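Residues per chain are reported as follows:
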Amino acid sequence: MISLLKAAGRNALRTGVILFAFALVATALLSFTFARTEPTIERSRQAEKRALLNQVLPPALYDNDLLASQQSVPPDASLGTRQPSAMWIARRGESITAVVLEAIAPDGYGGDIALLIGIDVDGSVTGVRVTAHRETPGLGDYIERAKSPWIEQFVGKSRMNPVPRYWRVAKDGGRFDARAGATITPRAVVKAVGAALDYFARNRAALLAETGPADVASNQETPP
Ligand SMILES: Cc1cc2nc3c(=O)[nH]c(=O)nc-3n(C[C@H](O)[C@H](O)[C@H](O)COP(=O)(O)O)c2cc1C
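In this text, all values refer to a predicted model and were calculated from it rather than measured experimentally.

Conventions we followed
- Each chain carries its own residue numbering, running from 1 in the written order of its sequence.
- A pLDDT threshold of at least 70 governs which residues receive local features in this predicted model, and a stricter bar of 80 or more applies before side-chain atom pairs are shown or counted, although totals over entire chains, interfaces and linings include all residues.
- Side-chain calculation: all heavy atoms of the structure are included, whereas hydrogens and water are not.
- In this description a helix means any DSSP run of H or I spanning at least four residues, a strand means any run of E spanning at least two, and both kinds are numbered starting from the N terminus.
- Partly exposed describes any residue whose relative accessible area lies between the buried limit of under 20% and the exposed limit of over 50%, with all areas from a 1.4 Å probe on protein chains only and scaled to the type maximum.
- Contacts are residue-level and defined by heavy atoms, with any inter-residue pair within 4.5 Å sufficient.
- Accessible surface area values rest on a Shrake-Rupley calculation with a 1.4 Å probe, where residue burial reflects the displayed protein chains alone.
- Asp and Glu are treated as the negative residues and Lys and Arg as the positive ones, with His and the ends of the chain left uncounted.
- Throughout, a charge is located at the NZ atom of Lys, the CZ atom of Arg, the CG atom of Asp or the CD atom of Glu.
- Like-charged residues are merged into a patch within 9 Å and nonpolar side chains (Val, Leu, Ile, Met, Phe, Trp, Tyr) within 5 Å, provided each residue has over 30% relative accessible area and no salt bridge.
- Any Lys or Arg side-chain nitrogen found within 4 Å of a carboxyl oxygen on Asp or Glu counts as a salt bridge.
- The set of buried Ala, Val, Leu, Ile, Met, Phe, Trp, Tyr and Cys residues whose side-chain atoms join them within 4.5 Å is what this entry labels a nonpolar core.
- The span one expects for a helix is its residue count, reduced by one, times 1.5 Å.
- The quantity called bend is, for any residue, the angle between two axes fitted respectively to the seven residues ending at it and the seven beginning at it.
- At least two bridges found by DSSP between two strands are what make those strands a pair.
- For each residue, the test is whether any non-hydrogen atom lies within 4 Å of the molecule or strand; if one does, the residue is near.
- Polar contact is the term for a pair of N or O atoms within 3.5 Å; when the atoms are in protein, one must be able to donate a hydrogen and the other to accept it, and sequence-neighboring residues count only if both atoms are side-chain atoms.
- Polarity classes work like this: nonpolar for Ala, Val, Leu, Ile, Met, Phe, Trp, Tyr, Cys and Pro, charged for Asp, Glu, Lys and Arg, and polar for all others, with Gly in that last group.

Student: I tried to follow the overall build of the protein on my own but got confused; where do I start?
Tutor: When its secondary structure is counted, the protein shows two helices and five strands. Principal axes of the C-alpha set define a box for the protein whose edges measure 95 × 45 × 35 Å. Expressed as a percentage of its 224 residues, the buried residues of the protein come to 39%. Here the analysis covers contacts within the protein between residues at least 6 apart in sequence; of these, 49% occur between residues at least 24 apart. Per element, the accessible surface of the protein, about 12600 Å² overall, is 60% carbon and sulfur. Taking the average location of the 26 positive side-chain charges in the protein and that of its 22 negative ones, the two points are 8 Å from each other.

This is the structure we're talking about:
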């Protein structure tokens, strides 16, 4: 009986050692693969971000490394953000020419619609892109540039062009196109871009300050 127990113990120990060795090798392999692939993944992530920023900011507007200019902006209801968000600063030589803000339209059909909004120092939109949404495919997803040019209509717009009461979809008496049967989505985006322009106008000095947006007061009051 005792020899059986000893044999069983030896087997259990051997199995334990083999399993431990396997785990060790597997962990080593995983961390090696991670270490080898992470830089490549990071590079492609950066390239993707750069490409997206280039879509909302004409390259002629800047000659600085946009990714390196990234700054954190306190959460603000006018940006629809509940967490600190990112901002990028475009410069030509020493002068700031534009900023790119992250914003959220919280009232899409499927909830939050994440946006990147380029605004030049005069307060005009240089470009808008949708970076994430849950709008219905074939209905509300025409806000994606890959699906339709609808989002291009914001380029050159500002808080006074059109005047605020026309910052609505055409169905609501405004100047922005929307597809019939799917106006909830564009309504949300039009409202969010307008609110982001208000945010820029209100915080322009702090946003363009050399010290960065640290002095921008966080405002959680939902815009009207
Ligand atoms: C299943 C389903 C999904 C819908 N998805 C969207 C959507 O993603 N975006 C949108 O604007 N409207 C969507 N709609 C339509 C809206 O419910 C609403 O009727 C429409 O936006 C209003 O457009 P209208 O004002 O031109 O009638 C969806 C409707 C249904 C039944």
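Anyway, onward from the coordinates.
Student: Which parts of the structure should I look at to understand a nonpolar patch on the surface?
Tutor: Together, Phe20, Leu24, Val25 and Leu29 make up an exposed nonpolar region whose accessible area comes to about 430 Å². Within the element layout of this structure, Val25 appears in helix H1 (residues 2-56).

Student: How do you make sense of the nonpolar core when you look at a structure like this?
Tutor: Nonpolar side chains in soluble globular proteins generally cluster together in the buried interior. By size, the foremost hydrophobic cluster in this structure holds 36 residues, and its most contacted members are Leu115, Phe154 and Val189. Residue assignment for this core shows that the elements contributing at least two residues are strand E2 (85-92), strand E3 (95-108), strand E4 (111-120), strand E5 (125-132) and helix H2 (184-208). Considering each element in turn, this core owes the most residues, 11 residues, to H2. Apart from the residues within four sequence positions on either side, Phe154 is in contact with Val125, Val128, Trp167, Phe176, Val189, Val190 and Val193. In this structure, Tyr62, Ala86, Ala98 and Leu116 belong to the second largest nonpolar core, which totals 13 residues.

Student: Would you take a moment to explain H1 for this structure?
Tutor: Along an α-helix, residues three or four positions apart point the same way, because every turn accommodates 3.6 residues. In this model, H1 (55 residues) spans 77 Å end to end at C-alpha, consistent with the 81 Å of a helix rising 1.5 Å per residue. Taking the largest bend as the criterion, H1 deviates by roughly 35°, centred on Thr37, and proline Pro39 comes between one and four positions later.

Student: What is the right way to read the pairing of E4 from this model?
Tutor: The two faces of a sheet get side chains in turn, since along a regular strand they alternate between them. Counted residue by residue, E4 has eight buried out of 10 residues, so it is predominantly covered. In the sheet, E3 pairs with E4 via nine bridges, with the strands oriented antiparallel. In the sheet register, Gly108 faces E4, and the bridge partner there is Gly111. The antiparallel pairing of E3 with E4 creates a hairpin that spans two residues between the two strands. As paired strands, E4 and E5 are joined by six bridges and run antiparallel to one another. Counterpart to Ile117 in the pairing with E5 is Val128. With antiparallel pairing between neighbouring strands as the criterion, E4 and E5 make up a hairpin whose turn holds four residues, including Gly123 at a positive phi of roughly 90°.

Student: Please explain the site of the ligand as it appears in this structure.
Tutor: Neighbouring residues of the ligand: Tyr109, Glu135, Thr136, Leu139, Gly140, Lys171, Ala180, Gly181, Ala182, Thr183, Ile184 and Thr185. With respect to the ligand, the side chain of Thr136 contributes an N or O atom lying 2.6 Å from a nitrogen atom. Separating an oxygen atom of the ligand from a side-chain N or O atom of Lys171 is a distance of 2.4 Å. For the ligand, the protein covers 63% of the area, taking 610 Å² as the surface of the free molecule. Among the residues forming the shell around the ligand, the class breakdown is five nonpolar, five polar and two charged.

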